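For reference, the chains in residue letters:
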Amino acid sequence: MPRIAYVNGAFVPLEDAKVSVLDRGFLFADGVYEVTAVIDGKLVDNAAHLARLERSLGEIEMAHPVPLDTLTELQLELARRNELTEGGIYLQVTRGAAERDFAYPKDATPTLVMFTQERNLVDDPRAKNGVAVVTTPDLRWKRRDIKSVAMLAQAMAKQEAAKVGAAEAIMVEDGVVTEGSSSTAWIVKDGRLITRNLSNSVLPGVTRLSVLALCEELGLEVEERTYTVDELHEADEVFITAATTLVMPVTKVDDRIMSNGAPGPIATRLRQLYIETARRTSVG
């Protein structure tokens, strides 16, 4: 069965999915994106993903090509056509095709593309042993709260991690942790969870939001604040959160073994609860 993509109103075979070379997403990275997890054929945390999409579009003065309820219907239809039971749906909106000029064009029609990727989310084997991460300099721009398609700095960071066999790069600015190249970074110290407070310096993670709600249910103390690389290295537990990694324990940071080399109890419990909650609240 060929993979099916969605491009500007049409479901087409992936190999036939094309956009103009004048598309501003291609020329200027003038666009935003979201990735929604799919578990049991249903959309996880999708309302929050679409709310973040709306915010990102608003911050760059870009119109949405379709209403949000229609977008959800399109996502579900795309998952159905690809027989996607577990994985993710990538969604991208750009300002559309126009003659190359830096200023926003007045008459361009936004481009909407979507495709699916199969992934093992619930039984991801990495969760059993935890993953390794490395710290890298944060080379990004100043509006990281916008989920921009301009991802070169994150790709460079991820490549540095891949070179040493690590799963993720934890980005650092002036000695302070910002976030993972494609995740939110958390530490646990003396029973308290610590993660960055929201600002223009970090992306407002959707999985982060769900985990915060779980922490409140469990009565876990959370500090939303900046923290240093030294605090990261000295943490009792480290874990990352993202749509397609869910809650992922970290057992090695740079050359340091964390939580005795095994997934920590808090990360393990949060992962279990997150999956249970996702299955109960997903849309489809």
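As shown above, the structure is provided for reference.
From a predicted model like this one, the values you see are computed outputs, not experimental measurements.

S.K.: So what's going on with the pairing of strand 8 (residues 168–173)? Residues and values would help.
M.R.: Most of strand 8 is tucked away, with five of its six residues classed as buried. When strand 7 (residues 131–137) meets strand 8, the two strands line up parallel, connected through five bridges. Bridge assignment links Thr 135 to a residue of strand 8, and that residue is Ile 170. Viewed along the sheet, the connection from strand 7 through helix 5 (residues 152–163) into strand 8 turns out right-handed. Sheet analysis places strand 8 next to strand 9 (residues 176–180), joined by three bridges and oriented antiparallel. Of the residues in strand 9, the one forming a bridge with Ile 170 is Gly 180. Counted between consecutive antiparallel strands, the loop separating strand 8 from strand 9 contains two residues, among which Asp 174 sits at a positive phi close to 55 degrees.

S.K.: Describe the sheet that holds strand 5 (residues 87–94), naming the residues involved and giving the relevant values.
M.R.: Taken together, the six strands give an open sheet; going across it, the order is 2-1-6-5-3-4, and neighbouring strands pair in antiparallel fashion. Each edge of the sheet is formed by a strand with only one pairing partner; in this case those strands are strand 2 (10–13) and strand 4 (42–43). Bridging between strand 3 (residues 31–39) and strand 5 involves eight bridges; their strand directions are antiparallel. If you follow Val 32 over to strand 5, its bridge partner there is Val 93. Along the sheet face, helix 2 (residues 46–59) touches strand 3, strand 4 and strand 5 and points at about 180 degrees away from the line of strand 3.

S.K.: Account for the side chain of Thr 94, naming residues and giving values.
M.R.: Positionally, Thr 94 belongs in strand 5. One polar contact links Thr 94 to Asp 23, side chain to side chain, over a distance of 2.8 Å. Sequence-distant contacts of Thr 94, defined by excluding residues within four places in its chain, comprise Asp 23, Gly 25, Asp 30, Gly 31, Met 62, Pro 110 and Thr 111.

S.K.: Describe the pairing of strand 10 (residues 184–189), naming the residues involved and giving the relevant values.
M.R.: Of all six residues making up strand 10, five are buried, and the element is well covered by its neighbours. Here strand 10 pairs with strand 11 (residues 192–195) via four bridges, running antiparallel. Note that in strand 11 the partner of Lys 189 across the bridge is Arg 192. What sits between strand 10 and strand 11 in their antiparallel hairpin is a turn of two residues, with Asp 190 showing a positive phi close to 55 degrees.

S.K.: Explain the packing of helix 2 against helix 3 (residues 68–81) to me, and be specific about the residues and the numbers.
M.R.: Remark: helix 2 packs on helix 3, axes separated minimally by 11 Å, with the N-to-C direction vectors making an angle of 125 degrees. Of the possible angle classes, the one that applies to helix 2 and helix 3 is oblique. In the crossing of helix 2 with helix 3, the sense of the turn from one axis to the other is right-handed. Side by side, helix 2 and helix 3 meet where Asn 46, Leu 50, Leu 53 and Glu 54 of the first sit next to Leu 68, Leu 71, Thr 72 and Gln 75 of the second. Here the residues of the contact of helix 2 with helix 3 sort into four nonpolar, three polar and one charged.

Conventions adopted
Residues numbered from 1 in each chain as written. Predicted model: local features only at pLDDT ≥ 70, side-chain atom pairs only at ≥ 80, totals over all residues. Heavy atoms only, no water. Buried < 20%, exposed > 50% of the residue type's maximum accessible area, 1.4 Å probe, protein only. Helix = DSSP H or I, 4+ residues; strand = E, 2+ residues; numbered from the N terminus. Pairing = 2+ DSSP bridges. Right-handed = clockwise from strand over helix to strand, strands pointing away. Contact = heavy atoms within 4.5 Å. Axes fitted to C-alpha atoms, helices over the stretch in contact; angles between N-to-C directions. Polar contact = N/O pair within 3.5 Å; in protein donor to acceptor, adjacent residues only side chain to side chain. Parallel < 35°, antiparallel > 145°, perpendicular 65-115°, else oblique. Left-handed = near helix turned anticlockwise from the far one by under 90°. Nonpolar A, V, L, I, M, F, W, Y, C, P; charged D, E, K, R; others polar.

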